[in-house]
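# Fold and contact review
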Amino acid sequence: MCAANDGRDHEKVHSAMKQKRLLTVGVTLFAAASMLAACGSNTADQSSSSGSGPSTVELTLWGTYGAGSNSAQKEALEKEIIPAFEKANPGITIKYVDMPYDGLKQKLTTGAAAGELPDLIRTDLGWNAQFAKLGVLKQLDGNMPNYDALAAKVYPGLLGTTLYNGHHYGLPLDTNTRVLISNPDALAKLGVDKAPETFDELKDLAAKAKDAGGSVYAFADGDISQWNIMPWIWSAGGDISDPDQTKASGYLDSDKSVAGVQFLVDLYQEGQIPNAIIGNEGATKTQDGMPKAEYATILDGPWMEQIWAGSYPDFKPTYSKVPAGEGGSISVVGGESIVITEQTKDLEASYKFLEFTQSREFQLPMSKAGQMTVVAEYAADEAEATPGSKIFSEQLKTAKSRLSIPDAGKVDEILKTELTPAFEGKVTVKEALTKAAQKIDPLLSAAK
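Keep in mind that what you see is a predicted model, and the values were worked out from it rather than measured.

### Let's talk about the side chain of Asp221
Mapping Asp221 onto the fold places it in the loop between α7 (199–211) and α8 (226–235). Polar contacts involving the side chain of Asp221 include one to the side chain of Arg178, which spans 3.0 Å. A distance of 3.0 Å separates a polar atom in the side chain of Asp221 from a polar atom in the side chain of Asn228.

### Quick word on the sheet that holds strand β3 (residues 120–124)
On the basis of which strands lie adjacent, the open sheet formed by five strands has the order β2-β1-β3-β10-β6 and mixed pairing. Either end of the sheet is taken by a strand with one partner, and the two such strands are β2 (92–98) and β6 (171–177). Adjacent strand axes in the sheet meet at a mean angle of 20° when their direction is disregarded. Looking at chain direction, strand β1 (residues 57–63) and β3 are connected through two bridges and run parallel. By the bridge assignment, Leu61 is partnered in β3 with Leu120.

### Here we look at the sheet that holds strand β7 (residues 179–182)
With antiparallel pairing, the three strands of this open sheet are ordered in space as β8-β7-β9. Two strands lie at the open edges of the sheet, namely β8 (297–300) and β9 (318–320), each paired on one side alone. Taking each pair of neighbouring strands and ignoring which way they run, the sheet shows an average axis angle of 35°. Summarising the sheet, β7 and β9 pair through three bridges and their orientation is antiparallel. In the sheet register, Leu180 faces β9, and the bridge partner there is Ser320.

### A closer look at the packing of aromatic side chains
Per the counting criterion, the structure on display carries 14 aromatic pairs. For the pair Tyr268 and Phe423, a centre-to-centre distance of 5.6 Å together with 80° between the ring planes defines the contact as edge-to-face. Remark: Phe423 occurs in helix α17 (residues 408–423) and Tyr268 occurs in helix α9 (residues 255–269); sequence separation between them is 155 residues. An aromatic cluster is built from Phe199, Phe219, Trp232 and Phe263, whose rings are joined through pairwise contacts. Sitting over the face of the ring of Tyr65, Arg122 holds its NZ or CZ atom 3.9 Å from the ring centroid.

### A closer look at the layout of surface pockets
Its volume calculated, the second largest pocket comes out at about 260 Å³. For the second largest pocket, the lining is made up of 15 residues, of which Asp239, Asp242, Pro243, Gln245 and Ser401 are closest to its centre. Partitioning the lining of the second largest pocket into residue classes produces five nonpolar, six polar and four charged.

### Re the nonpolar core
Counting residues in hydrophobic clusters, the biggest one holds 59 residues, and the most contacted among them are Ile229, Leu252, Leu419 and Phe423. Elements supplying a minimum of two residues to this core: α6 (184–189), α7, α8, α9, α10 (276–279), α17 and α18 (429–446). No other element matches α18, which puts eight residues into this core. Apart from residues lying up to four places away in sequence, Ile229 is in contact with Ile224, Val261, Leu264, Leu415 and Leu419. Ranked by size, the runner-up nonpolar core spans 28 residues in total, among them Ile92, Met144, Leu150 and Leu173.

### Quick notes on the environment of Ala152
Position of Ala152 among the secondary structure elements: in the loop between α5 (147–151) and β4 (163–164). The class of Ala152 is exposed, set by a relative accessible area of 66%. Taking the C-alpha atoms as reference, Ala152 lies 9.6 Å from Ala376; in sequence the two are 224 residues apart.

### Considerations on the pattern of salt bridges
Taken as a whole and assessed by the stated rule, the structure comprises 16 salt bridges. Note that Lys194 and Glu201 form a salt bridge whose closest N and O atoms lie 3.3 Å from each other. Relative accessible area serves as the criterion here: at 40%, Lys194 is assigned to the partly exposed category. Asp407 serves as the salt-bridge partner of Lys410, at 4.0 Å between the closest nitrogen and oxygen. Among the charged side chains, a network of salt bridges with common partners joins Arg122, Asp174 and Glu336.

Quick notes on the rules
- Residues numbered from 1 in each chain as written.
- Predicted model: local features only at pLDDT ≥ 70, side-chain atom pairs only at ≥ 80, totals over all residues.
- Heavy atoms only, no water.
- Helix = DSSP H or I, 4+ residues; strand = E, 2+ residues; numbered from the N terminus.
- Polar contact = N/O pair within 3.5 Å; in protein donor to acceptor, adjacent residues only side chain to side chain.
- Pairing = 2+ DSSP bridges.
- Axes fitted to C-alpha atoms, helices over the stretch in contact; angles between N-to-C directions.
- Phe/Tyr/Trp six-rings, centres within 6.5 Å; stacked < 30°, edge-to-face > 60°.
- Lys NZ or Arg CZ within 6 Å of the ring centre and 35° of its normal.
- 1 Å grid on protein atoms, 1.4 Å probe; cavity = no way out; pocket = protein on both sides within 12 Å on 5 of 7 lines; lining within 4 Å.
- Points joined across faces, edges and corners; volume = space filled by probe spheres on them.
- Nonpolar A, V, L, I, M, F, W, Y, C, P; charged D, E, K, R; others polar.
- Core = buried A, V, L, I, M, F, W, Y, C linked by side-chain atoms within 4.5 Å.
- Buried < 20%, exposed > 50% of the residue type's maximum accessible area, 1.4 Å probe, protein only.
- Contact = heavy atoms within 4.5 Å.
- Salt bridge = Lys/Arg side-chain N within 4 Å of Asp/Glu carboxyl O.

What follows is the structure, encoded as structure tokens:
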């Protein structure tokens, strides 16, 4: 019985051991299959990254390339630039969302509050500090690979447009500046055969215009914001604040800053600058008055050539640098930046796109579509493609950025409010700039 029982027990044990071995083999095979599936998945992912499979990441870019009547920029982006990037970076696709200019600013504001922002944004340079302060933009210096090398290639004055509280939150994407634009016929009426190159020459031109009976203004502009007034302050050797943007008092109301504004105030009070400068009439008056020979000179940007080509095809203006004062010939920087948001789904892919925006493949097609390159070494190629850009490229070598603080818009309002009485002769320029500086100081302190 015991033997028989031992045999049955042995059989049961053997059967159990066999089942256990089969189970073990099954588990092993299942695990191996799972590993192979995982490897296959990884292989597919790697294949996708190398371009033989579907895309692994889609980056969303918000911008305003289609804003206004010029669709050439949006077309260049969607049909030439984005395909070139995707070809060079298999596994990354770019979804571009175009918005009206004002609509983008509103969308960014509400998106920042709701935590609903895209990976990348083409922002107006005046917005960078505001959104950096909100903590929704990625800091690039010290974080982005190759940032220092990329930053070293752009025009020096452009880097200030991405600066907030000592750090950079984007890269310059496209740029522009203001230069002196002259009407040769208006100059000829005043007995002058070339545009004024210095403050003194513009002053002499104004004297000739006055002697001629006032049929031609020596100079015109449409506002007294930073965009309009700073070229004269910088060129006179003054500034709006200290280099670290901590204090306006002692800088905006310095003797040299006062001299820059006083130069314009004198021309205005002599009847050689029309009222548009304090009427906040923008470019409406100047873009029509210049080709009609109502004004001998204005300051404006590279877009004017296209505007006049449509409305005044026979008008052939001349372009020259801002008249030089004691500080040289210095203009103001405009343009847009490219930024990465904190919500990007793939930081490495976003870095790759930012680096691509600084390449010839991005910059030169945009130059042909009306945007100026931010990379100094491309200026010669740009000038060959768009000859009118040459003087603007020269001016950009010394151009400077406006205050990069969240409340930059308030600075413009302060300047308009305080300087208008000075143009009207109700207060001195010194008094106006001192009061403006005192109001700007708290905005600079609050930015830190």
